[in-house]
Amino acid sequence: MAERKTNSSNFQNQSYLENKCPLNELLFTMSRRWTTDVLFCIEEGNNRFSGIREELAYITDHILSDRLKTLEKSGLITRHQFPGMPPKVTYALTEHGVELCNLLSKLCDFSSLIYEDKAVSA
């Protein structure tokens with residue numbers, strides 16, 4: 001995961017907003033491409049890297065790896081590594097991850113209503 005440039009005004013603005021309200025940090029994390037899709041894949045039972053990559057056909061290995069690390073660092077998923085050859089790694093939602101998926105599902109339903117209404121009135 002690339003480190004953020006700390007001397008830019010963009011970083012300073014983002015840091016200010018994240019410190020002002022934790023929701024800003026969550027929204028920043030969730031707004032990154034593929035993040036919610038990866039979270040939903042794990043919720044649906046795709047708990048292996050290869051399963052998630054297969055379901056999200058256009059995601060690159062690099063981006064998937066980055067998103068999994070970010071979700072783990074945020075405390076939304078856990079990573080379990082099992083000994084053996086080849087090594088086996090699985091991912092699971094934490095309690096916070098389950099709660100967030102429930103909230104995101106409601107937001108998806110809500111956004112569908114909004115955009116369906118716009119399509120009908122257009």
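Only a predicted model underlies this, so the values are computations on that prediction, with no experimental measurement involved. (Residues numbered from 1 in each chain as written. Predicted model: local features only at pLDDT ≥ 70, side-chain atom pairs only at ≥ 80, totals over all residues. Heavy atoms only, no water.)

**Student:** Describe in detail a negative patch on the surface, supporting the description with residues and values.
**Tutor:** Residues Asp37, Glu43, Glu44, Glu54 and Glu55 make up a contiguous surface patch of negative charge. Mapped onto the elements of the fold, Glu44 is located in the loop between α3 (35-43) and α4 (49-55). (Patch = residues over 30% accessible without salt bridge, like charges linked within 9 Å, V, L, I, M, F, W, Y side chains within 5 Å. Areas by Shrake-Rupley, 256 points an atom, 1.4 Å probe, with all protein chains shown as cover. Salt bridge = Lys/Arg side-chain N within 4 Å of Asp/Glu carboxyl O. Lys, Arg positive; Asp, Glu negative; His and termini not counted. Charge placed at Lys NZ, Arg CZ, Asp CG, Glu CD. Helix = DSSP H or I, 4+ residues; strand = E, 2+ residues; numbered from the N terminus.)

**Student:** Tell me about the packing of α3 against helix α5 (residues 61-73), and please be specific about residues and values.
**Tutor:** Taken N-terminus to C-terminus, the directions of α3 and α5 make an angle of 75°; their axes are 10 Å apart at the nearest point. In terms of their interaxial angle, α3 and α5 are classed as roughly perpendicular. Facing α3, whose interface residues are Thr35, Val38, Leu39 and Ile42, α5 presents Leu64, Arg67, Leu68 and Leu71. The residue makeup of the contact of α3 with α5, split by class, is 6 nonpolar, 1 polar and 1 charged. (Axes fitted to C-alpha atoms, helices over the stretch in contact; angles between N-to-C directions. Parallel < 35°, antiparallel > 145°, perpendicular 65-115°, else oblique. Contact = heavy atoms within 4.5 Å. Nonpolar A, V, L, I, M, F, W, Y, C, P; charged D, E, K, R; others polar.)

**Student:** How would you summarise α5 if you had to cite specific residues and measurements?
**Tutor:** Across its 13 residues, α5 extends 18 Å between first and last C-alpha, which sits within 8% of the 18 Å expected from 1.5 Å per residue. Residues of α5 that are buried include every one of Leu64, Asp66, Arg67, Leu68, Thr70 and Leu71, and no others. Considering only its buried residues, α5 is in contact with α2 (22-30), α3, α4, β1 (77-82) and β2 (88-93). Just beyond α5, the residue with positive phi is Gly75, at close to 80°. (Expected span 1.5 Å × (residues − 1). Buried < 20%, exposed > 50% of the residue type's maximum accessible area, 1.4 Å probe, protein only.)

**Student:** Mind laying out the packing of aromatic side chains, listing which residues take part and the relevant values?
**Tutor:** Evaluated as defined, the whole model comprises 0 aromatic pairs. Over the ring of Phe82 we find Lys88; its NZ or CZ atom is 5.6 Å from the centre of that ring. (Phe/Tyr/Trp six-rings, centres within 6.5 Å; stacked < 30°, edge-to-face > 60°. Lys NZ or Arg CZ within 6 Å of the ring centre and 35° of its normal.)

**Student:** Which residues make up the side chain of Thr94, and what values go with them?
**Tutor:** Examined against the element boundaries, Thr94 turns out to sit in the loop between β2 and α6 (95-121). A relative accessible area of 16% places Thr94 in the buried class. For Thr94, the side chain forms a polar contact with the main-chain oxygen of Gly75, separated by 2.7 Å. If near-sequence neighbours (up to four positions away) are discounted, Thr94 is found in contact with Gly75, Leu76, Ile77 and Thr78. (Polar contact = N/O pair within 3.5 Å; in protein donor to acceptor, adjacent residues only side chain to side chain.)

Any link to function would need more than the numbers given here.
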